[in-house]
Amino acid sequence: MYDCLIIGAGPAGLTAAIYARRANKKVLVLESTTYGGQIINTLDIENYPAESKISGIDLAKKMYEQARSLGADFEFEKAVEIVDNGETKLVKTEDDEYEAKTVIIATGTETRKLGLENEDKLTGRGVSYCATCDGNFYKGKTVAVAGGGSSALYEASYLSDIVKKLYLIHRRSEFRGEEKLVHELEKKANVEFVLGANITKIIGEKKLEKIEITSEKDVKTLDVDGLFVAIGREPKNDFLKGLKLDDSGYVAASEDCKTNIAGVFVAGDNRVKQTRQIVTATADGAVAATAAIKYLNGGYYATH
Ligand code: NAP
């Protein structure tokens, strides 16, 4: 029986593990892929205090090693269901099941898809959701990036140094992401903005060949070797019956990270919040673990 079972080994989950272990609670962290969450796809992080520039992988490794050295257990298994048995919770994974007195859900968000035919079939065959992972395959080639937020601008900026030609396709005429990046991209000779346009078809048999673009003016096709989709992320919080979510699927919990179910807490990007950054995820990890410790101690938790 674990005191605290944490689902997700991103910055929120790893910080929760550090706090819970420092309170001497028995901790298990479940992670479906690798530790670090979405930061492992970020080349350089420059907005995490005390680290003026660090790669996402290095920052994740530091957090993971800290949690491990404090004695948190890790299992790399995908959690699929949480059963609320009152004083204990049963967490089922694809391979096993674990019992705990408290659960912290720190599952973050998943990449949003365009939802087009062929998108899944051609993922890994031209369609990608991560420039730092797959960009190198497109050296000297033509690619498109879809999206108008910071992620799309960062992906485009990274890829523009690798590819021959890049189309940045956004459905509105204004970007949501950082203006500084937009200006930098405007100056690049190999970058073309396609604004006010939606990608309406992904075309290719064995690999991506073309995309169809539809705007108010016309419908056209572009020959591309790669399509990088960077249109935001979505939460996945459907594994606990009765867990209160908002209309977009985020866990309805405020700054105290408590959910509507006793003994179940939430930390990080998958809860309702204004700002989703690494530093706000780690802050949530500390708050959720502190709340879990207080719950385990029957309401008492000494703050220092
Ligand atoms: P985002 O800010 O939500 O932007 C998503 C973009 O995709 C928007 O431009 C949106 O268009 C577009 N979009 C959404 N659904 C679409 C669809 N079905 N078809 C076509 N376009 C669609 O997401 P994000 O860029 O991933 O950023 C998420 C958060 O992470 C933000 O708070 C951002 O600041 C932060 N972030 C920070 C850094 C950093 O600090 N280094 C890097 C990346 C991201 P509309 O504009 O029309 O809605």
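Here the structure is a predicted model, which is why all the values come from computation and not from measurement.

**As for the sheet that holds strand β12 (residues 197-203)**
Strand-to-strand pairing in sheets goes through backbone hydrogen bonds, with the strands running parallel or antiparallel.
Then step 1. With antiparallel pairing, the 3 strands of this open sheet are ordered in space as β12-β13-β14. Strands at the two margins of the open sheet, each flanked by one partner only, are β12 and β14 (219-223). For this sheet, the mean inter-axis angle between neighbouring strands, taken without regard to orientation, is 30°.
Then step 2. Of the strand pairs in this sheet, strand β13 (residues 210-215) and β14 are connected by 5 bridges, and their pairing is antiparallel. Bridging across to β14, K210 finds its partner in D223.

**Brief notes about the domain arrangement of the protein chain**
Then step 1. By domain assignment, the protein chain separates into domain 1 (2-111 + 233-296) and domain 2 (127-229).
Then step 2. For domain 1 and domain 2, the distance between their C-alpha centres works out to 32 Å.

**As for the state of the cysteines**
Then step 1. Summed over all chains, the structure comprises 1 disulfide.
Then step 2. The disulfide partner of C130 is C133, and the S-S distance across this bridge is 2.0 Å. Handedness here is read from the sign of the S-S torsion; for C130 and C133, about 75°, the answer is right-handed.
Then step 3. C4 takes part in no disulfide bond, and the closest cysteine sulfur, belonging to C257, lies 12 Å away.

Reading guide: rules and limits
- Residues numbered from 1 in each chain as written.
- Predicted model: local features only at pLDDT ≥ 70, side-chain atom pairs only at ≥ 80, totals over all residues.
- Heavy atoms only, no water.
- Pairing = 2+ DSSP bridges.
- Helix = DSSP H or I, 4+ residues; strand = E, 2+ residues; numbered from the N terminus.
- Axes fitted to C-alpha atoms, helices over the stretch in contact; angles between N-to-C directions.
- Domains from an automatic or database assignment.
- Disulfide = S-S within 2.5 Å.

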